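Spelled out, the chains give:
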Amino acid sequence: MSDPQATHLSDYRPPAYRVTRTELTFDLDPAATRVKARLHLERHPERDAGLPLTLHGEQLSLKAIALDGEPLEADEYEIDAAGLTVHRVPERFHLDTEVEIAPEANTALEGLYQSNGMYCTQCEAEGFRRITYYPDRPDVMATFSTTVIGDAEREPVLLSNGNPVERGALPNGRHFVTWEDPHPKPSYLFALVAGDLEKVEDSFTTMSGREVTLQIWVEEENLGKTEHAMASLKRAMAWDEQAYGREYDLDLFMIVAVNDFNMGAMENKGLNIFNSAAVLTHPHTATDAAFQRVESIVAHEYFHNWSGNRVTCRDWFQLSLKEGFTVFRDQCFSADTNSPAVKRIEDVSFFRTAQFAEDDGPTAHPVRPDHYIEIGNFYTLTIYEKGAEVVRMLANLVGEAAFRAGSDRYFERFDGQAVTIEDFVGCMAEASGLDLTQFMRWYDQAGTPEIDAHGEYDYANAEYRLILRQRTPATPGQPDKQPLHIPVRLGLVGTKSGRDLPLTLEGETLGSDAVIHLREAEQEFLFTDVSEAPVPSLLRGFSAPVKLRFPYGREDLAFLLAHDGDGFNRWDAGQRLAMLALDDLIAAHRNGVEKVMDTRVIEAFRGLLTAETDDRAVLAEMLTLPSEAYIAEQQPLVDVDAIHAARTFVKQGLATALRDDFLRVYRENRLDEPYAPTPAQIARRSLKNVALSYLMAIEDEEGIELARQQFEADHNMTDVRHALTLLTHSSRDELSEPALRAFGEKWAHDTLVMDQWFAIQVTRPQPDVLDRVKFLMAHPAFSLKNPNKVRALIGTFAGQNRVNFHRLDGEGYRLLADVVIELNRLNPEIAARLITPLTRWARFDEQRQALMKAELERIRAEELSPNVYEVVEKALA
Ligand code: PHE
Ligand code: ZN
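Residues numbered from 1 in each chain as written. Chains lettered and ligands numbered in written order. Predicted model: local features only at pLDDT ≥ 70, side-chain atom pairs only at ≥ 80, totals over all residues.

Asks: Requested: an account of the overall build of the protein, with residues and values cited.
Replies: For the protein, the helix and strand inventory stands at 28 helices and 33 strands. Taken against the 2.2 N^0.38 rule, which gives 29 Å for 877 residues, the C-alpha radius of gyration of the protein at 28 Å falls within 12% of a compact globule. With respect to the three principal axes, the spread of C-alpha positions in the protein is 90 × 65 × 60 Å. When each of the 877 residues of the protein is scored for burial, the buried share is 50%. Contacts spanning at least 24 positions in sequence make up 70% of the contacts within the protein whose residues lie at least 6 apart. (Helix = DSSP H or I, 4+ residues; strand = E, 2+ residues; numbered from the N terminus. Rg over C-alpha atoms; globule rule 2.2 N^0.38 Å. Buried ≥ 20, exposed ≤ 12 C-beta atoms within 10 Å, placed from the backbone. Contact = placed C-beta atoms within 7 Å.)

Next up, the structure:
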C-alpha cells in the first residue's frame, strides 16, 4: 500500500460539476443495503467544458449506472479505491447509480451503520462517499429527496432530513417513507435513521409565529431521559432568535439518540444524531456536569443550523468557520443560562490544559490548517476551542453591536453558500470599520503565543509603565512566527484601596477595566494619574488564548485573590499562587528534600472558606487545585510522580489545617430539596463535594463516614458518583470494593452508567490499577466496538491516570498501543484519537521517551489506516 497523500488548501478549485438535486432510495438490509441515487448535475460555470466527472466512493459495490437514462458501457467509466470517473459527460445531465453496502459490517461508524440493531448514518466529514458515488465535498449543495424502505416490524420508524412527504406499505412486510429537504445542503449533512424507536414530542413557536414540531427519538427504555434535552433545545431556539435574530427554518426538528457514535453529536439538517451520552439524562443516572454538557451540545448542534448548515464551509480547511463560531455561540448560551463566571473558568481551565498541550506537541496546527492527510484527525481542540477563542477576541475587539451587525451581514450575504473564514472576518471588518489584517494571523499561525510582562510604578510621577513582549514558539512546519494582534484586558488594582484604579493611557480615560492592543513584538504602555502603587490584573477573562507571565510575588497573588475586581482573575490568582507552592514542592520531591507546606496558601484558602460569599460555584472553583495535567503543562520536563506527590501534599496540607472549615462547608451545603440541575443547586453540590474531597484526602474518619452516607443516600448521580470516586480512590479496599460492587450490580442494565463505573475505577491511584483495566476489558459490559466504552476505560486511564499510565515498566504504554492496533482495523477515527497521550513523549524523561517511542514504532509497523498513519508519522517525525 502506498503512503496516504496530503490535501492542500492552496490546491482548492471549485468542482467541475455541481449537483443541484439528489434523489436517493435506500432499500435497507444489514448485509446488503441497496442505494439508488439520481444526481442532477451541471458543469460549474468557472470550470472548463469537457472535463471528466469524478465522484467519490469508497467500499461500494456498483450494480448499475446510467447517464440520462442510458446504461454506461464498461469503457465509459472507471472505478478505483477512491471513486468513480465518467470520461465524457454533457453540460447538464442526470446520472443514476445503484450500489450495495453492508451496514452490519461497518465498525468505523462512518457512512451507514448499525447501532443496537437500528440503522443510522454519520457523514461528516467524508462518510457520504461510503453510501453512494457523489462529489462528497461541502461546496456542492443540493436539495435532497430520500426514500427509505425498511421492514415494517423491525424498522417501524424511517427518518431522514427535511419533511416527510409520502409513506406507504410495500409487499413482503416492507414499508417506505419519502423525505424532502428543501434547503440545499452538502452531503456531509445528510442523515438517515431507521429502527424501532419511540419519540417524545413537543413544540416551539418561532419569533415569526411559526409552529415547529420537536421530536426526540430514543429506544423505549430511554423515554424517561429526554426531558432535559428537550428543555435545552427550546431554550437554545429562543436564545438564537434573541441573540442572533436566527429562526428555525423547517416545520420539524428531530434529535435521535444512538449508542455507538464516534463524537458527541452531529448537526444533520433537521435530523440531529446524538451520542446517547450527549442527550440522555436523569437525576439518578447523570451528573450535574453531564446535564450541563447535554445542554451545551444540544444548543451547539441546534446553532449549527445557521452557523454551518445555512452558511457552510467551502472546504474542510475552513472547518473552524463553523466549529469555532458555533462553540463560541454555545459558550455564550451556557454562560447566559448558568453562571457566566464558572462557565468561563471551566472552559479556560480545560483549554489551558488540553489545547495548550496540543499546540505544544507534534500535531500542533493552525485554526485553519493548510494541509491534511485525514480530515477526521482535524476535529481538534485547536479547530473547536481555539477557534472559539479567536471568535471571542473578534467579538470583544469589534464590540457587541458591530459583532451582531457583522454576523447579520454574514448570514444574509452568504445564505445558501459555502464560504471561507475570510468571508466571515470580512463581515466583521465591514461592520466595525476595523482593520483586521494582522488579526487574520490567528487563523494561520499555530502555537500558543507567550507574553512576558513586567511593570514599574513611578511614585513621583504617578505613572505605571507596563511592558509586554510577545513571542510564539516554533511549531512543526512553522519555524518563524509573526507578532499577533492580541487584546489584553486589564485593570490596575490599588494596593492601598484594594480597588480597581481609573485608567488613563496616553491621555485617554478608559474606565477601570480596559483592553489594550498588543501588536508589536515588544510594546510599552504608560498609564498616568495612577494615584497609588498597583498590582496589575492582566488578561482578564482570558482575553486572548496566550500564556502570560508576570513576576508576581506570593503577596501580590494573595492580594489579587482577595481584591481583584475581575472574578475570573481572582480565580486565576489563586491558581497562580497554588502553582508557585506546587513548583517548590515538585523541586523538593525531585531533590529528595523534605516538603514544607506554604502557609500563605493555607491562609489564602482560610480566607476563602471564611469570607461571606453568595457565589458558591466560583468558590468551589477557587478551592480546586490545578489538575495534574495542568501542572504538567507548566513544567519544562514532566515528572509525573513528583507532580502527583506535590499535589497530594498540598491537598493534604490544606485538609489538615482547615479540616473544620471543610467539614462546616460540607454540612452547610447539603440539600434537602428534590434534585434539579439549577445553577443554585449545582453550586451547592460542587462546593460540598470539593470540601468532601479534602476530607477524604486525609482519610478523615468523619469524612469517610460522610462519603459513605452520601453514597448510600443515593439522592442523585452527582453525589453518588463523587462519593464513589472518593471511596474508590481511598487506600482502603474495604471502602472501595463493596461500593463498586453495589453500584455495578445496580446499574448493570444501564450502559451509560456502566461507562461511569469503568471510568471511576481506572482513575484509582493504586499501582494495581493496570490489572484492573485489563480485567475490565474482559467485562461483559465492555466492547472495543463501542467508542463510549473505549473512551471510558482506555481513554480515561491513559488520559487521567497519569502516574499509572506512565509506569516506568512501560506497561501502560503497551496496553494503549495494543488497543490502538486493534482499533486501527475496527475504527480508525477512534484509534487515531486514542494515541494522543503517546504523541506527547517529548515532554518526559529519557527513559519514558524511549518507551513511548518504542510503542509508536510498534504501531507504525502495522498496516495503518490514513488516520493512524498521519498521527504516528507526526509523532515520530
Ligand atoms: N460536526 C459535529 C459537531 O461539532 C462533530 C462531528 C464531526 C460529529 C465529525 C461527527 C463526525 O457538532
Ligand atoms: Zn460543531
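Asks: Break down unusual backbone geometry for me, citing the residues and quoting the values.
Replies: The bulk of non-glycine residues show a negative phi, and the bulk of peptide bonds are trans. Along the chain, E124 connects to A125 via a cis peptide bond; the corresponding omega equals -5°. Secondary-structure assignment places A125 in the loop between β11 (118–122) and β12 (142–151). Even without being a glycine, N116 presents a positive backbone phi close to 50°. Inspection of the secondary structure assignment puts N116 in the loop between β10 (111–115) and β11.

Asks: An account of the domain arrangement of the protein is needed here, citing residue identities and associated values.
Replies: Split into domains, the protein comes out as domain 1 (15–196), domain 2 (218–250 + 259–309), domain 3 (311–444), domain 4 (450–551), domain 5 (552–698) and domain 6 (748–876). With 4 residues of domain 1 at the contact, the number on the domain 6 side is 5 residues. (Domains from an automatic or database assignment.)

Asks: Let's hear about the sheet that holds strand β9 (residues 92–101): which residues, and what values?
Replies: Within a beta sheet, neighbouring strands are joined by backbone hydrogen bonds and run either parallel or antiparallel to one another. Reading across the sheet, the 8 strands line up as β6-β5-β9-β3-β2-β12-β15-β14 and stay open at both edges, with mixed pairing between neighbours. Of all strands in the sheet, those bounded by a partner on one side alone are β6 (70–71) and β14 (163–170). One ladder, built from 7 bridges, connects β14 with strand β15 (residues 174–185); its direction is antiparallel. Residue pairing across strands places A169 opposite H175, the latter belonging to β15. (Pairing = 2+ DSSP bridges.)

Asks: Explain the UniProt feature "domain: Peptidase M1 membrane alanine aminopeptidase" (unreviewed entry) in the protein to me, using residue names and the numbers behind them.
Replies: The sites that carry the UniProt feature "domain: Peptidase M1 membrane alanine aminopeptidase" (unreviewed entry) are, in the present numbering, residues 229–442. Here residues 229–442 is 55% helix and 9% strand, with 34 Å between the C-alpha atoms at its ends. (UniProt positions renumbered as here; feature names shortened; annotations may be inferred.)

Asks: Give a detailed account of the sheet that holds strand β29 (residues 508–511), specifying residues and quantitative values.
Replies: Spatially, 6 strands are ordered β29-β28-β31-β26-β25-β33 in an open sheet, and the strand pairing comes out mixed. With partners counted over all chains shown, the strands left at the sheet margins are β29 and β33 (547–549), one partner each. The average angle at which neighbouring strand axes cross in this sheet is 30°, direction not considered. Across 3 bridges, strand β25 (residues 450–458) lies against β33 in parallel orientation. Opposite I451, over in β33, you have L548 as the bridge partner. (Axes fitted to C-alpha atoms, helices over the stretch in contact; angles between N-to-C directions.)

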